[in-house]
Amino acid sequence: MNLGLKDKKVFISGSTKGIGFETARLFLEEGSTVIINGRTSESVKYAIDKLDNKNVSGIVADFLNDDQIDDLINRIPNDIDIIINNVGIFKGQDFQSETIKDWDDHFKVNLMSGVRLSKHFLPMMLKKNWGRILFISSECSSLVPGDLLSYSVSKASVNVFSSGLAKLTKGSNVTVNTITPGSTLSEGSKIFLQETAKRESKTSREIEQSFFKEVRNTSLIQRFLDVKEVATTIVYFASPLSSGTNGASIRVDGGSMGCIN
Ligand SMILES: NC(=O)c1ccc[n+]([C@@H]2O[C@H](COP(=O)([O-])OP(=O)(O)OC[C@H]3O[C@@H](n4cnc5c(N)ncnc54)[C@H](OP(=O)(O)O)[C@@H]3O)[C@@H](O)[C@H]2O)c1
């Protein structure tokens, strides 16, 4: 299937690792030109070297730093076709241990990164009458685990913002959608599994099984998603082929959020 992504210009926030990195790799395979992003020149260079493709470049910017965000926005070409709002942070801790700064940081990175990019680039996409804006949310926006409150609430606000933003595209060929992944085996999750396994003298597989039995028992697939399972969905909904989907929330959660009739 030809996704029609050749020569499309793509920006992916937080893409030196995990889902964002895999998404960059797949866009490059489709012939797109991709700008990746991370907080340090070392991590961005490392990811660019690993992608090893003439069509990839990178912008170093921390979404907690206003000046760096302004600089990033100035450096992304105005005719960008596709924006993937992927950057996301989370801290697993109980509500009383979370500081107000933790809440501010979650909203700044998880929600305001996409608000700022959309404010700048949506008018230009509307002017050229083509564009894709995708937000990467999380199953936590609906499951709301008690030890991930600031993360879950920030992701729920991403869903609301995305559906509202889509309304501003009415009558155009620009679409705005949300992709909602379930627990995914990114680098961070792999390290978490390995460390827990070592601490509890178990294998990573045993830790994975008990996580899905005890914590994420609503998951129908009872395993972590691979980053590729999420990235392929992102790339399809960023492609011209997805033109019939707008204002939607697409789940790649292995069924964890429950069945919708
Ligand atoms: N993994 C999961 O289980 C899961 C489940 C549901 C939803 N999601 C969502 O999917 C998205 C990607 O998650 P992931 O697990 O693939 O991420 P990850 O592996 O933890 O990678 C995070 C990426 O974001 C960058 N980053 C972190 N903080 C940043 C900041 N302040 N400014 C700029 N870049 C920053 C990191 O780059 P540097 O280190 O180079 O700075 C890295 O490239 C997130 O929105 C996450 O909430 C993940």
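Residues numbered from 1 in each chain as written. Predicted model: local features only at pLDDT ≥ 70, side-chain atom pairs only at ≥ 80, totals over all residues. Heavy atoms only, no water.

Draft legend 1. Seen up close, the site of the ligand. Taken together, 28 residues form the shell around the ligand, and within it Lys17, Arg39, Ser43, Asn86 and Tyr151 come nearest. In the model, a nitrogen atom of the ligand is placed 2.9 Å from a nitrogen or oxygen of the phenylalanine 63 main chain. Between an oxygen atom of the ligand and a side-chain N or O atom of serine 186, the distance comes to 3.0 Å. Contributing elements (two or more residues each) for the shell around the ligand: helix H1 (18-29), strand E2 (33-38) and helix H6 (149-167). Here the shell around the ligand is composed, by residue class, of nine nonpolar, 15 polar and four charged. (Near = heavy atom within 4 Å. Polar contact = N/O pair within 3.5 Å; in protein donor to acceptor, adjacent residues only side chain to side chain. Helix = DSSP H or I, 4+ residues; strand = E, 2+ residues; numbered from the N terminus. Nonpolar A, V, L, I, M, F, W, Y, C, P; charged D, E, K, R; others polar.)

Draft legend 2. Quick peek at the side chain of asparagine 110. Following the sequence through the fold, asparagine 110 ends up in helix H4 (residues 100-128). In terms of polar contacts, asparagine 110 uses its side chain to reach the side chain of serine 154, at 3.0 Å. In contact with asparagine 110, other than residues within four places in its own chain, are Val87, Gly88, Ile89, Tyr151, Ser154, Lys155 and Val158. (Contact = heavy atoms within 4.5 Å.)

Draft legend 3. The nonpolar core, seen in detail. With 32 residues, the main nonpolar core has Phe27, Val34, Ile36, Ile82, Ile84, Ile179 and Ile234 as its most contacted residues. Looking at which element gives the most residues to this core, the answer is helix H9 (residues 227-238), with seven residues. Ranked by size, the runner-up nonpolar core spans 26 residues in total, among them Ile83, Leu122, Met125 and Val176. (Core = buried A, V, L, I, M, F, W, Y, C linked by side-chain atoms within 4.5 Å. Buried < 20%, exposed > 50% of the residue type's maximum accessible area, 1.4 Å probe, protein only.)

Draft legend 4. Just the pairing of strand E6 (residues 174-181), in detail. Buried residues dominate E6, accounting for eight of its eight residues. Here E6 shows two buried faces, one formed by Val174, Val176, Thr178 and Thr180 and the other by Thr175, Asn177, Ile179 and Pro181. In the sheet, strand E5 (residues 131-136) pairs with E6 via six bridges, with the strands oriented parallel. In the sheet register, arginine 132 faces E6, and the bridge partner there is threonine 175. Bridge analysis of E6 against strand E7 (residues 249-252) gives four bridges, and the strand direction is parallel. Its bridge partner lying in E7, isoleucine 179 is registered against isoleucine 250. (Pairing = 2+ DSSP bridges.)

Draft legend 5. Geometry of the environment of valine 153. Assignment of secondary structure puts valine 153 in helix H6. Residue valine 153 is classed as partly exposed on the basis of its relative accessible area of 34%. When near neighbours in sequence (up to four residues on either side) are disregarded, valine 153 contacts Trp103 and Phe107.

Draft legend 6. Local environment of the domain arrangement of the chain. The assigned domain composition of the chain is domain 1 (9-183 + 225-252) and domain 2 (185-224). Computed from C-alpha atoms alone, the centre-to-centre distance between domain 1 and domain 2 is 25 Å. The interface is formed by 11 residues belonging to domain 1 together with 10 residues belonging to domain 2. Buried surface at the junction of domain 1 and domain 2, both sides included, amounts to about 760 Å², of which 51% is carbon and sulfur. The partner of arginine 216 in a salt bridge is glutamate 139, with the nearest N and O atoms 2.8 Å apart. Connecting domain 1 to domain 2 are four residue pairs in polar contact (both at pLDDT 80 or more). For the side of domain 1 that touches domain 2, the secondary-structure elements that each account for two or more residues are helix H5 (140-143) and H9. Considered class by class, the residues forming the side of domain 1 that touches domain 2 number five nonpolar, two polar and four charged. (Domains from an automatic or database assignment. Buried area = accessible area lost by both parts, 1.4 Å probe. Salt bridge = Lys/Arg side-chain N within 4 Å of Asp/Glu carboxyl O.)

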